[in-house]
2 protein chains.
Amino acid sequence: MIKVALDAMGGDNAPAEIIEGAVAAVRERKDILVMVVGREKEINAELKKHTYPKEQIQVVPASEVIATSEHPVKAIREKKDSSMVVGLKLVKTGEADAFVSAGNSGAILAGGQIIIGRIKGVERPPFGALIPTEQGISLLLDCGASVDPRPSMLVQFAQMGSIYMEHVIGIEKPSVGIVNIGAEEEKGNALVQETFPLLKACRNIHFVGSVEARDIPKGGTDVVVCDAFTGNVVLKMYEGTAAMLYGVMKKGLMSSLRSKLGALLILPALKKTLKDFDASRYGGAPMLGLKGLVVKTHGSAKRTEIHNSILQCQTFKEQKINEKIKECLEAEEQENQE
Amino acid sequence: MIKVALDAMGGDNAPAEIIEGAVAAVRERKDILVMVVGREKEINAELKKHTYPKEQIQVVPASEVIATSEHPVKAIREKKDSSMVVGLKLVKTGEADAFVSAGNSGAILAGGQIIIGRIKGVERPPFGALIPTEQGISLLLDCGASVDPRPSMLVQFAQMGSIYMEHVIGIEKPSVGIVNIGAEEEKGNALVQETFPLLKACRNIHFVGSVEARDIPKGGTDVVVCDAFTGNVVLKMYEGTAAMLYGVMKKGLMSSLRSKLGALLILPALKKTLKDFDASRYGGAPMLGLKGLVVKTHGSAKRTEIHNSILQCQTFKEQKINEKIKECLEAEEQENQE
């Protein structure tokens, strides 16, 4: 049985969509217990709307809510009875295996480190985002935690990302690339130039070299490593360009009777194709390197993303990802000492 | 009369498309002289295919070619008779007002600084790219020169970019933003955090704060400032995402008879709409801050982009952009001393 603490109060669609995601998850699998954390009254009002195996959802009361605009560290320190702090503590004490939240990213990041703590040897836990590509999916990390990382941190991101892609997503010998502005080894800013030889020398990953931003949407590299500033730019350009193009095309399609008719005909095929590019299929962004699992979903996450994020936690636990990360870093450490 | 030196040998489509661009430009305007630099025989063979006012195109022989794969500084120093070195020298000596090339970006960057030289006070000349957005165009800079700039350099990019957008593109009081991972002033990596207050304090620009990558395709900010690593990621994600989505949609549209029929109906409207997003409409990326104008086009540039890049040079000269940049930096310098 896996126990997932779920932040019922975080994100734009809380609590309704969050609860729906929990209900969908326990309906699909018998071996999941979801501990829904937040304001009891609101949660129960939502739960009442659904039929589900009652013994698989447990409500854990928390009276406070951390808003998106709040200062992360301050909020974690002061709002002791917030859904986020209470949920993270459930992981800390071992009552839950994982914590899923659509709330304030900074607070999740701070709370994960302050309350749950890092695996020994991990310098900084990164956020990994699973992004849909033409050829499948890639894990982009860091995309939210360390904006000015040291080269050694990027190497750890590569190692943790490889373990995740191999054991949670099931990709054998995942390839690792570093975001760069050209294919040649001597290209890049100081961080990339310093990190490149370290990745090349790292024996427990399958490093394939630079990945130009142009090729990220095409896919083909399983683990794509970068600092969190670059990771944010990659993710947001992906979303922003896609959203803009859809908007522009929609406008274009409505410009004549002929194209309107055409739009009606293409809609079903287009919808089906674009569904493959729906990021919510893969659940949220795991924060790797903590002594427990923390998954951050989009602030705008709806039922499907919450549902899939909960299921993702199960594989994570079954595959003992944290133990594997610990072993991997210890092996590397030992090799470096020899 | 404006004199533009044109690198006939640079880029994927040289010399045919380059020459076609030159022919189109002199056919459109009587006040342009294009000095086509490169291998005489090849150039003349192409020129023969077209009708145009002979007195407006002059062939300047250069026997060598700098390839895309060559080491920039080495190539500039060693290939004295390359189309690039000869073309840049024409600007240096004042025989030409501008140099346009689709060739090796690194060599253009190195050659511009070594041969033509910087305007006094300019720390580093950036490449600015005009990118089409939902609301018009934005100038993104730096997108190719300084991957690890100092904060003061970003301030100069903002100043030079503002002058360009106001006087070449004709936008009154252009707005300036810095690429960031959130809207708040305290967000960002060390570079952005150090640069933000400097931009805020800069009196000769209209600074509007942070621009999240998600909002770049939407547009609305005239000058978008960042380091060249980030600029490259923004540009390449833009191109890569768009290319990937077109590919995916095309495949989707061909998936059923119904959608194939629809595709035929929507094609004209879609083409018209997407034309607005064709970057080649705006010409190439100017390198700002040199004692002459250097414009880099895409390596894949075709006739239209070359044509528009040549026309762009005219406005640049007419508006005395270099003089304006010099005055602007001197005024700022003086203010800082007071």
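Refer to the preceding data block for the structure.
Peer 1: Got a minute to help me understand the sheet that holds strand β4 (residues 98–101) of chain B in this structure?
Peer 2: In a beta sheet, neighbouring strands pair by backbone hydrogen bonds and run either parallel or antiparallel. All names here are of chain B. A sheet is described by the order of its strands in space; here six strands give the open sequence β3-β2-β1-β4-β11-β10, paired in mixed fashion. Single-partner strands in this sheet number two, and they are β3 (57–61) and β10 (285–287). On average, adjacent strands in this sheet sit at an angle of 25° to one another, irrespective of strand direction. Where strand β1 (residues 2–7) and strand β2 (residues 32–38) come together, six bridges link them in parallel fashion. Along β2, the bridge assignment pairs lysine 3 with leucine 33. Across the sheet, helix α1 (residues 16–28) lies against β1, β2 and β3, angled at about 165° from β2, the strand it touches most.

Peer 1: It is not clear to me how the interface of chain A and chain B should be interpreted in this structure. Could you clarify?
Peer 2: The figure often quoted for interface size is the accessible area lost as the parts come together. Listed by partner, the interface residues are 50 residues for chain A and 49 residues for chain B. Both faces combined, the contact of chain A with chain B buries some 4,600 Å², and carbon together with sulfur accounts for 76% of it. When the shortest N-O distance is used, the salt bridge between lysine 236 of chain B and glutamate 212 of chain A registers 3.7 Å. In terms of residue class, the side of chain A that touches chain B is built from 30 nonpolar, 12 polar and eight charged.

Peer 1: Explain the pattern of salt bridges here, please?
Peer 2: Side chains that differ in sign of charge can pair as their charged atoms come close. Summed over the entire model, instances satisfying the criterion amount to 22 salt bridges over all chains. When the shortest N-O distance is used, the salt bridge between aspartate 215 of chain A and lysine 218 of chain A registers 3.1 Å. The closest approach of N and O atoms between lysine 317 of chain B and aspartate 97 of chain B, which form a salt bridge, is 3.5 Å. With lysine 317 of chain B in helix α10 (residues 303–318) and aspartate 97 of chain B in the loop between α4 (83–92) and β4, the pair connects residues that are 220 residues apart, well separated along the chain.

Peer 1: Looking at this model, I keep getting lost on helix α5 (residues 105–116) of chain A. Mind explaining?
Peer 2: Owing to its 3.6 residues per turn, the α-helix aligns residues three or four sequence positions apart on the same side. Residue and element names in this part refer to chain A. Spanning 12 residues, α5 covers 16 Å between terminal C-alpha atoms, matching the ideal 16 Å at 1.5 Å per step. When α5 is considered as a whole, its buried residues turn out to be Ala107, Ile108, Leu109, Ala110, Gly111, Gly112, Ile115 and Ile116. The secondary structure elements touched by the buried residues of α5 are α3 (72–78), α4 (83–92), β4 (98–101), β10 (285–287) and β11 (293–296). Positive backbone phi, at 90°, marks glycine 117, one or two positions downstream of α5.

Peer 1: Would you take a moment to explain a positive patch on the surface for this structure?
Peer 2: There is a patch of like positive charges on the surface, built from Lys92, Lys120, Lys291 and Lys326 of chain A. Judged by its relative accessible area of 39%, lysine 326 of chain A is partly exposed.

Peer 1: I would appreciate a short explanation of the relation of the copies chain A and chain B in the present structure.
Peer 2: Note: a rotation about an axis with an accompanying shift along it relates these two copies of the chain. The transform that puts chain A on chain B rotates by 180° and translates by 0.0 Å along the axis, for an RMSD of 0.0 Å. Such values leave the two copies arranged in the relation of a two-fold axis. Across chain A, the smallest distance between a C-alpha and the rotation axis is recorded for glycine 262 of chain A, namely 2.0 Å. The fraction of interface residues of chain A whose copies in chain B are also interface residues reaches 98%, indicating that both copies meet through the same surface.

Peer 1: Please explain the packing of aromatic side chains as it appears in this structure.
Peer 2: Two aromatic rings are characterised by how far apart their centres lie and by the angle between their planes. All names here are of chain A. Per the counting criterion, the structure on display carries four aromatic pairs over all chains. Ring geometry for phenylalanine 196 against phenylalanine 207: centres 5.1 Å apart, planes inclined by 75°, an arrangement best described as edge-to-face. Of the two residues, phenylalanine 196 is situated in helix α7 (residues 190–201) and phenylalanine 207 in strand β8 (residues 206–212); the sequence distance between them amounts to 11 residues. Judged by relative accessible area, which is 6%, phenylalanine 196 ranks as buried. Positioned above the aromatic ring of tyrosine 52, the side-chain terminus of lysine 54 is 4.2 Å from the ring centre.

Peer 1: Before we go on, may I ask you to explain the packing of α1 of chain B against α10 of chain B in this structure?
Peer 2: In a pair of packed helices, the angle between the axes and the distance between the axes together describe the arrangement. All names here are of chain B. Running from amino to carboxyl end, α1 crosses α10 at an angle of 45°, the nearest separation of the two axes being 7 Å. On the basis of the axis angle, α1 is oblique to α10. Crossing hand, α1 versus α10: right-handed. Here α1 contributes Glu17, Ile18, Glu20, Gly21, Ala22, Ala24, Ala25 and Glu28 to the contact with α10, which in turn contributes Arg303, Ile306, His307, Ile310 and Leu311. Residue composition of the contact of α1 with α10, by class: seven nonpolar, two polar and four charged.

Peer 1: Help me understand the environment of leucine 88 of chain A, please; the structure alone is not making it clear to me.
Peer 2: Residues and elements named next belong to chain A. Secondary-structure assignment places leucine 88 in helix α4. For the pair formed by leucine 88 and leucine 47, sequence separation is 41 residues and the distance between their alpha carbons is 22 Å. Ignoring sequence-local partners within four residues, the contact set of leucine 88 consists of Phe99, Gly111, Gly112, Ile115, Ile116 and Val294.

Peer 1: Hey, could you run me through the packing of helix α1 (residues 16–28) of chain A against helix α2 (residues 40–47) of chain A in this one?
Peer 2: Residue and element names in this part refer to chain A. It is at 9 Å that the axes of α1 and α2 come closest, and there the two elements cross at 55°. With respect to each other, α1 and α2 are oriented oblique. Of the two possible hands of crossing, α1 and α2 adopt the one that is right-handed. Between α1, through Ala16, Ile19 and Val23, and α2, the contact on the second element is made entirely by Ile43, Glu46 and Leu47.

Peer 1: Just checking my understanding: could you explain the nonpolar core for this structure?
Peer 2: Most often, soluble globular proteins keep nonpolar side chains buried together rather than apart. Within the largest apolar cluster, 226 residues are counted, with the highest numbers of intra-cluster contacts made by Val34, Ile57 and Ile310 of chain A together with Val34, Ile57 and Ile310 of chain B. Setting aside residues no more than four positions away along its own chain, isoleucine 310 of chain A makes contact with Val4, Leu6, Gly21, Ala22, Ala25, Ile32 and Val34 of chain A. One finds Ala263 and Ile266 of chain A together with Leu253 and Ala263 of chain B within the second-largest nonpolar core, a separate group that totals six residues.

Peer 1: Can you walk me through the pairing of strand β7 (residues 175–180) of chain A in this structure?
Peer 2: Successive side chains on a regular strand alternate, one facing one side of the sheet and the next facing the other. All names here are of chain A. For β7, a buried count of six out of six residues is recorded, marking the element as mostly surrounded by other parts of the structure. Note that β7 and β8 share six bridges and pair parallel. By the bridge assignment for β8, isoleucine 178 is matched with serine 210. Where the polypeptide runs from β7 across α7 and back to β8, its parallel neighbour, the crossover connection is right-handed. Note: β7 against strand β9 (residues 223–225), three bridges, orientation parallel.

Peer 1: Help me understand the pairing of β1 of chain B, please; the structure alone is not making it clear to me.
Peer 2: All names here are of chain B. Across the six residues of β1, five count as buried, placing the element largely inside the fold. Between the parallel pair β1 and β2, the chain is carried across by α1, and the sense of this crossover is right-handed. Here β1 runs beside β4; their pairing, made up of three bridges, is parallel. Of the residues in β4, the one forming a bridge with leucine 6 is valine 100.

What counts as what
- The numbers attached to residues start from 1 for each chain and follow its sequence in the written order.
- Each chain takes a letter, starting from A, and each ligand takes a number, starting from 1, following the order in which they are written.
- Owing to the predicted nature of the model, reporting of local features is limited to residues with pLDDT of at least 70; listing and counting of side-chain atom pairs is limited to 80 or more, with chain, interface and lining totals taken over all residues.
- Derived side-chain values reflect all non-hydrogen atoms in the structure, with water molecules and hydrogen atoms excluded from consideration.
- Here the rule is simple: two strands pair whenever DSSP picks up at least two bridges between them.
- Comment: elements are numbered from the N terminus, with helices defined as DSSP H or I runs of at least four residues and strands as E runs of at least two.
- Here the axes come from fitting lines to C-alpha atoms, over the contacting stretch only for helices, and the angles between their N-to-C directions go from 0 to 180 degrees.
- Contact between two residues is taken to exist if any of their heavy atoms lie within 4.5 Å; hydrogens are not considered.
- Throughout, buried area stands for the accessible area (probe radius 1.4 Å) lost by two parts on being put together, summed over both.
- Salt bridges are defined by distance alone: a side-chain nitrogen of Lys or Arg within 4 Å of a carboxyl oxygen of Asp or Glu.
- Residue classes follow a fixed rule: Ala, Val, Leu, Ile, Met, Phe, Trp, Tyr, Cys and Pro count as nonpolar, while Asp, Glu, Lys and Arg count as charged, and any other residue, Gly among them, counts as polar.
- A helix's residues, less one, multiplied by 1.5 Å, set its expected span.
- Exposed residues in this analysis have more than 50% of their type's maximum accessible area, buried residues have under 20%, and partly exposed residues fall in between, with area computed by a 1.4 Å probe over protein chains only.
- Two distance rules govern patches: like charges are joined within 9 Å, and nonpolar side chains (Val, Leu, Ile, Met, Phe, Trp, Tyr) within 5 Å, applied only to residues with over 30% relative accessible area and no salt bridge.
- The method behind every accessible area is Shrake-Rupley, applied with a 1.4 Å probe, and residues are considered shielded solely by the protein chains displayed.
- The convention is simple: Lys and Arg are positive, Asp and Glu are negative, and His and the chain ends are not counted.
- Every charge is mapped onto a representative atom, which is NZ of Lys, CZ of Arg, CG of Asp or CD of Glu.
- Least squares is used to superpose the copies, and the fit set is the C-alpha atoms of residues whose pLDDT is at least 70 in both copies.
- Note on aromatic contacts: the rings of Phe and Tyr and the six-membered ring of Trp form a pair at centre separations within 6.5 Å, being stacked when their planes are under 30 degrees apart, edge-to-face when over 60 apart, and tilted otherwise.
- Charge-over-ring placement is defined geometrically: NZ (Lys) or CZ (Arg) within 6 Å of the ring centre, and within 35 degrees of the ring normal.
- In this scheme, roughly parallel covers angles under 35 degrees and roughly antiparallel covers those over 145, while 65 to 115 is roughly perpendicular and the rest are oblique.
- Note on convention: near helix rotated counterclockwise from far helix by under a right angle means a left-handed crossing. Clockwise means right-handed.
- For the purposes of this section, nonpolar cores are sets of buried Ala, Val, Leu, Ile, Met, Phe, Trp, Tyr and Cys residues that join through side-chain atoms within 4.5 Å.
- When the strands point away from the viewer, a crossover counts as right-handed if the route from the first strand across the helix to the second turns clockwise.

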